[in-house]
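# Inside the fold
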Amino acid sequence: MKRFSVIALVGSLLLVAGTSPANAAIKAGDVCKKSGQISTVKGLKYTCTKSGKKLIWSKGVKTPTPTPTPTVVQVKALSIDNLDYEQVYIKSRAEVVKYIASGVSSEGVIDFQVGANVDAWRIEIAKTEVNSAVKLWSSFFKPSAVTIIWYSSKDIPWAKTRYEAAGGNPAWASGFTGCTPQYCGGASASLMAGEKFLFEQGLEFQDQGLWNRATAAHEYTHLAQSGLSKPTGLNSIPWWSVEGGAQFYGEAIGYTPFDSAKQARSGMHTQYALDSQAHIASLFPGQNLKSLLLKNDPAITKTLMESIEVSSNSPGALGLSYHLGSYATEVLVAVYGHEKMAKFYSSFATSSNYESNFSNVFGITL
């Protein structure tokens, strides 16, 4: 204790001895020692000047507060080699919003046929989403006639009759066989002879049908893909682009107004990952999609994407087409724009060469 006191005392004396005169109290008119000496105290600058035979401190002048230099954060532009996933999401949705805002509706072109037992509020939502899809594609695709049939589980006989009358083959309509009071949300889209487009969709769910909010715009996008690519048609477009493209646009239109936290999107994509597990295991035994993508191996991604280039009846391959195809489309729209996607679909009207069409439109190889 005694040793500490001595050290503390010596330290205090050194601090006192080392106190700078510049920090001592200064007042204008006080005697100073050296002409030209400057001292700043509490934001005021004093200068030692000669007054008669004496040296005194001048009147304090306020020193300006320096403006801090702002820190400039260099944000690298979004590109195919710089894919920030949040920016990809934001930019791709902004492209969709932009084209909807500048698009035109197809008044009188769409024939809405609605079953008597479909909830009115579901019809209103679905019509809003179809109208947004019409505007989104209107700069590139303007159908002359579209028939849309919406139904519930109680409307199946009526819906089949209307579907056949519109030129559709009931065997193509996935929704009819799977429509139940618990869940009736299947849908299909078809290009009939000439310029006639048709899609059917079930509109009955026990929940609020949030996942299905992507369906109406999804199916209309299939009509746009069909119209833009004919006469070659959808069979030449890679399946990840057909289904994944429709899924991306369906989500961008249907989910965005209510899914700011991306919960519906996350739930839907989690389900697609589960649906595709058997298909993925056939390619990479013992692996799942997440474990494969975490490897960050381009060869793995290439294998996965090549496995969903051709249409398949396998539910697993279809789930992966929706899943990875929606991400691929999201990137292409964010980096190159919605117009390029329309041009990609249109390129199949004159050529069925997928790789050549892709390179010509986007300027990159697969």
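Quick look at the structure, then. (Residues numbered from 1 in each chain as written. Predicted model: local features only at pLDDT ≥ 70, side-chain atom pairs only at ≥ 80, totals over all residues. Heavy atoms only, no water.)

Once that is clear, we can look at the packing of helix H12 (residues 315-336) against helix H13 (residues 338-347). In contact at an axis separation of 6 Å, H12 and H13 are set at 120° when each is read in the N-to-C sense. Comparing the axis directions of H12 and H13 gives the class oblique. Between H12, through Thr329, Leu332, Val333 and Tyr336, and H13, the contact on the second element is made entirely by His338, Lys340 and Met341. (Axes fitted to C-alpha atoms, helices over the stretch in contact; angles between N-to-C directions. Helix = DSSP H or I, 4+ residues; strand = E, 2+ residues; numbered from the N terminus. Parallel < 35°, antiparallel > 145°, perpendicular 65-115°, else oblique. Contact = heavy atoms within 4.5 Å.)

This part covers the environment of Tyr220. Of note, Tyr220 is situated in helix H6 (residues 215-229). Residue Tyr220 is classed as buried on the basis of its relative accessible area of 0%. Note: C-alpha distance between Tyr220 and Gly250 (30 residues apart in sequence) is 8.7 Å. Those residues in contact with Tyr220, other than ones at most four positions away along the chain, are Ala133, Val134, Trp137, Phe141, Pro143 and Phe199. (Buried < 20%, exposed > 50% of the residue type's maximum accessible area, 1.4 Å probe, protein only.)

Omega for the peptide link from Lys230 to Pro231 comes to 10°, which places this bond in the cis form. Relative to the assigned elements, Pro231 resides in the loop between H6 and helix H7 (239-254). At Lys262, a position not held by glycine, the phi torsion is positive, near 65°. Structurally, the position occupied by Lys262 is in the loop between H7 and helix H8 (263-275). Despite not being glycine, Asn296 shows a phi value in the positive range, around 55°. Mapped onto the fold, Asn296 is located in the loop between helix H10 (289-293) and helix H11 (298-306).

Side-chain pairs of opposite charge can arise where the charged atoms are in close proximity. In total, this model carries eight salt bridges according to the counting rule given. Among the ionic pairs, Arg93 bridges to Glu330, the shortest N-O distance being 2.4 Å. Taken together, the positions of Arg93 in helix H2 (residues 85-102) and Glu330 in helix H12 put the pair 237 residues apart, joining distant regions of the chain. This pair shows no difference in class: Arg93 is buried, exactly as Glu330 is. (Salt bridge = Lys/Arg side-chain N within 4 Å of Asp/Glu carboxyl O.)

Let's shift gears to the layout of surface pockets. Think of a ball as big as a water molecule: rolled over the atoms, this probe shows where empty space is left. Here the largest pocket defines a volume of roughly 1800 Å³. Lining the largest pocket are 41 residues, and of these Leu293, Thr301, Leu324, Tyr327 and Ala328 sit closest to its centre. Taken together, the elements giving at least two residues each to the lining of the largest pocket come down to H2, H8, H10, H11, H12 and helix H14 (354-362). Here the residues of the lining of the largest pocket are counted per class, giving 22 nonpolar, nine polar and 10 charged. Surrounding the second largest pocket, 36 residues form its lining, Ser174, Ala187, Glu243, Leu318 and Tyr322 being those nearest its centre. (1 Å grid on protein atoms, 1.4 Å probe; cavity = no way out; pocket = protein on both sides within 12 Å on 5 of 7 lines; lining within 4 Å. Points joined across faces, edges and corners; volume = space filled by probe spheres on them. Nonpolar A, V, L, I, M, F, W, Y, C, P; charged D, E, K, R; others polar.)

This part takes up the packing of aromatic side chains. Scanning the model with the defined rule gives 18 aromatic pairs in all. Taken together, a centroid distance of 4.9 Å and an interplanar angle of 65° make the contact between Phe248 and Tyr249 edge-to-face. Owing to a relative accessible area of 1%, Phe248 belongs among the buried residues under this scheme. Taking relative accessible area as the criterion, Tyr249 reaches 0% and is therefore assigned buried. (Phe/Tyr/Trp six-rings, centres within 6.5 Å; stacked < 30°, edge-to-face > 60°.)

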